[in-house]
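Descriptive analysis of the structure
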Amino acid sequence: MTDYFEVLERDGAARVAELRLAEPVTTPALVDDHVDDAGSLWTGEQAVPDGAESRLTVLPHRGLPAGTAEEVADSFAVDYPAVDYPSAVVVSADTATDHGADAYLVSDAGGSLGHGAGMKDLVLGVREAIPDDTGLYLSGVATPRNVAVLAYAGVDLFDAHRAYVRGTEGRYLTTDDAYFLEDLDELPCACPACAKPREEFDREDCAAHNVNALEAELRRVRRRIRDGRLRDYIEGQARQDQWLTALMRELDQQYGYLEERTPVYRGADLDAATEDTLRRVEIQRFAERVTTRYRSRFDDHPLVLVPCSAAKPYSESQSHRQYMDAIQFRGHIVSMTSPIGVVPQELETTYPAQHYDSVVTGRWSAAEVEFVSEVLRRYLARSDYPRVIAHVPADYRPILERIEDDIDVPVEYTVADHPTTNESLGNLREALEGEVAYSKREREHNTVRALADVQLGDGAGDALFEEFRTTSRYPKLQVRDDDGTQLAAQVPRYGTLSFTLAGARRWDESDAPTKRVEIDGFVPHGSVLAPGVLDADEDIRVGDEVLIEGPAAYAIGRAQMHGAAMVESTRGEAASVRHVEEK
Ligand SMILES: [Zn+2]
């Protein structure tokens, strides 16, 4: 039970939370900037400081008894008294376990500084051993340069110890480097400590600057988390030190850890500016869903591969209007793009297909070619198109050449020089001569089914939407049953289906995979708070539609936490409720 730590915002493994000290602290933050001379703030016996309410109270480290990790953990669990103020328990990476504290202070984190794999093991090891709504505190490690990547990994609490001590040693820390103070003719900072004339600026000032720089970086990190844009920052910031790049890549290998904590959509666009973008969860998850959940319902028509457009959704761009004009619904449009892979037209509004900005140079890197061709290969393996028409510029050809041997039909190229010239568009029109067009109704129905597939799981579109009709115009389709009762609506901004209660019932009764939150005997209005959750499916992600049910109510809403966090947490909003009925 944690009373003093509440997660408010999530961005992957990073969170903005409130730690309720006498003066509440919004994390990721420094929870103590006090440093004693020995630099041994947390190792002494006197760990409960005077005026305990004003500070995070650290329960004393009793030294590691002999025994297995489990025995050690047990001895900690019984040793700690109940405290009625924010508490942190000192744990080591090997023995971390749930002690019912608000925060967990890792005593041996310094040894992992400089080691990407080691730090990844440490953070994930502890993070997965403690409840989601508790703070993870790494003492003695934070610097202006590394703190953003550490927060990205899931660390909530830091102290200024290392930044301060480095300053007293004459190292001037910035987000990009650790300078020798004596080498700096000009101080590259405008904080109050650095306002002193250079000749009067001593090591004490240097230490003060380092702490200021650390505080400033943490403000940036909190802003980025709130905006859902920490990853975009990290891809640049991790470059400032090789071990941080290694740590980011190590984390990218931990797909399960990051994926569980990454929302299914975000308000912010993602910046595709580095090759690391290809490995981020949103990109990998979309590729996975397109190639394992989505199934083309137009594969009795020719496939027409086209380049993506800068304007989103693609169908509203000038170039795509020209392609559609030439195609006249006689072929299935699938866009090829880095970093997303392939985007069937029905999915053009889904996240992140219309939420990314990439650097367009007309040159593909080897990694991009490999990624997009692999997604295309997997996509084609699940479909059965009679023809493959590639209406793409020459720089897309290496991607197609990699998969030509894997498909039964030849790839037909229709672009002479540029896809939107009259000649190229004429070739495309001609190539589709004699092909049968599909109807608007077919297009709209298959869009609804495709959205259900990627959102809910393989087969969901057919399981839920055999019989239905649509009203309103794309991309704001409304889904109704044969009596006209609304079941769901397409959310144009994120390409999700949001269900009504009637839609929820249909989903519940179908063979499609459901996501369920089991609640206590109350009728939720507006939101379900974590203490009211009895159980929740583990595969629930932030932003997912969830069926909410308890002895007194049946409701449909949207997840605000991932499933495991709903079960573990004792504070915070687990799900928002859209519609509810009493039982
Ligand atoms: Zn400064």
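Rules and cut-offs
Residues numbered from 1 in each chain as written. Predicted model: local features only at pLDDT ≥ 70, side-chain atom pairs only at ≥ 80, totals over all residues. Heavy atoms only, no water. Donors = N, O, S within 2.8 Å, 3.2 Å for Na, K, Ca; no water. Tetrahedral: all angles 85-135°; square planar, octahedral: opposite > 155°, others 65-115°. Buried < 20%, exposed > 50% of the residue type's maximum accessible area, 1.4 Å probe, protein only. Salt bridge = Lys/Arg side-chain N within 4 Å of Asp/Glu carboxyl O. Helix = DSSP H or I, 4+ residues; strand = E, 2+ residues; numbered from the N terminus.

**What about the coordination of the zinc ion?**
For the zinc ion, the protein coordination sphere consists of C189 (SG), C191 (SG), C194 (SG) and H209 (ND1), at 2.1 to 2.3 Å. Given 4 donor atoms and angles of 97 to 119° at the metal, the environment of the zinc ion is assigned as tetrahedral. All donors of the zinc ion belong to a single chain; written as a sequence motif, their spacing is C-x1-C-x2-C-x14-H. A relative accessible area of 27% places C189 in the partly exposed class. Residue classification places C191 among the buried positions, given a relative accessible area of 13%.

**A closer look at the pattern of salt bridges**
All chains considered together, the criterion is met by 41 salt bridges. Notably, a salt bridge pairs D241 with R145, separated by 3.6 Å at the nearest N-O pair. A residue pair is termed long-range when its members are at least 10 positions apart, and D241 in the loop between α6 (230–237) and α7 (242–253) and R145 in the loop between β8 (135–138) and α3 (147–153) qualify at 96 residues. Take D241: its relative accessible area is 23%, and that puts it in the partly exposed class. D453 is paired through a salt bridge with R297; the nearest N and O atoms lie 2.9 Å apart. Placement of D453 in helix α14 (residues 440–456) and of R297 in the loop between α9 (281–292) and β13 (303–307) is noted, with a sequence separation of 156 residues between them. For R297, a relative accessible area of 19% corresponds to the buried category. It is possible to trace a salt-bridge network through shared partners that takes in R10, R15, R127, D132 and D156.

These values are about where atoms sit, not about what they do.
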